[in-house]
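# Survey of secondary and tertiary structure
If you want the building blocks of each chain, they are given just below.
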Amino acid sequence: MSNDVLYWIWMGINFIATLGIAMLLMHRTKKLGLSFGISTLVNIAFTAGSILWLRTVDDVPFAVNFGVIVYGIAFVNALIFDFFILMSLKNKGNGPTRPSMPRYDIREEDDSEPIRTNKA
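Notes on the structure follow.

Cut-offs and rules
Residues numbered from 1 in each chain as written. Predicted model: local features only at pLDDT ≥ 70, side-chain atom pairs only at ≥ 80, totals over all residues. Heavy atoms only, no water. Helix = DSSP H or I, 4+ residues; strand = E, 2+ residues; numbered from the N terminus. Buried < 20%, exposed > 50% of the residue type's maximum accessible area, 1.4 Å probe, protein only. Contact = heavy atoms within 4.5 Å. Areas by Shrake-Rupley, 256 points an atom, 1.4 Å probe, with all protein chains shown as cover. Expected span 1.5 Å × (residues − 1). Phe/Tyr/Trp six-rings, centres within 6.5 Å; stacked < 30°, edge-to-face > 60°.

## Things to note about the overall build of the protein chain
In terms of regular secondary structure, the protein chain is built from three helices and zero strands. The secondary structure elements of the protein chain, listed N-terminal to C-terminal, are α-α-α. Residue burial in the protein chain is summarised as follows: out of 120 residues, 24% are buried. Contacts in the protein chain between residues far apart in sequence, at least 24 positions, make up 71% of those at least 6 positions apart. Just so you have it, the protein chain exposes about 9,600 Å², and 65% of that area is on carbon and sulfur atoms.

## Thoughts on the environment of leucine 25
Structurally, leucine 25 is set in helix H1 (residues 3–29). Along the primary structure leucine 25 and phenylalanine 36 are separated by eleven residues, whereas in three dimensions their C-alpha atoms are 8.9 Å apart.

## Looking at helix H3 (residues 61–91)
With 31 residues, H3 should reach 45 Å at 1.5 Å per residue; the first-to-last C-alpha distance of 45 Å fits that figure. Every buried residue of H3 is listed here: Val64, Gly67, Val70, Tyr71, Ala74, Phe75, Ala78, Leu79, Asp82 and Leu86. Considering only its buried residues, H3 is in contact with H1 and helix H2 (32–57).

## Thoughts on the packing of aromatic side chains
If you walk through the whole model with that rule in mind, you get six aromatic pairs. On the numbers, 6.2 Å between centres and 20° between planes, the contact of phenylalanine 62 with phenylalanine 66 is stacked. With phenylalanine 62 and phenylalanine 66 both in helix H3 and four residues apart, this pair spans about one turn of that helix. Three or more aromatic residues joined by ring pairs form one cluster here, namely Tyr7, Trp8 and Tyr71.

Remember, this is a structural readout, not a statement about activity or role.
Have a look at this one:
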């Protein structure tokens, strides 16, 4: 495999691992901060490992710098996707966030006097 293919494989693994761990933790713990924090640490670890790998396989400074910039963009994209996915999972199935309004039933029988009409 060429280094270009491995580059995109590393980037894909980063997205899948980060989002998968975030969704799994959110599903089990229902804690947004914990899920987002741990998935961010996983994202940082994969991005740092990918950048170190890229520096070892390529000698051209422009290619390495361009790859680091693209990995940085992918890091920010994974954070944004992660946050919005976790927010949607947080709001899913928890019901309304405000108390429900009381229901008023209209009844046939009322304690008040009926309105009299003057019909002859």
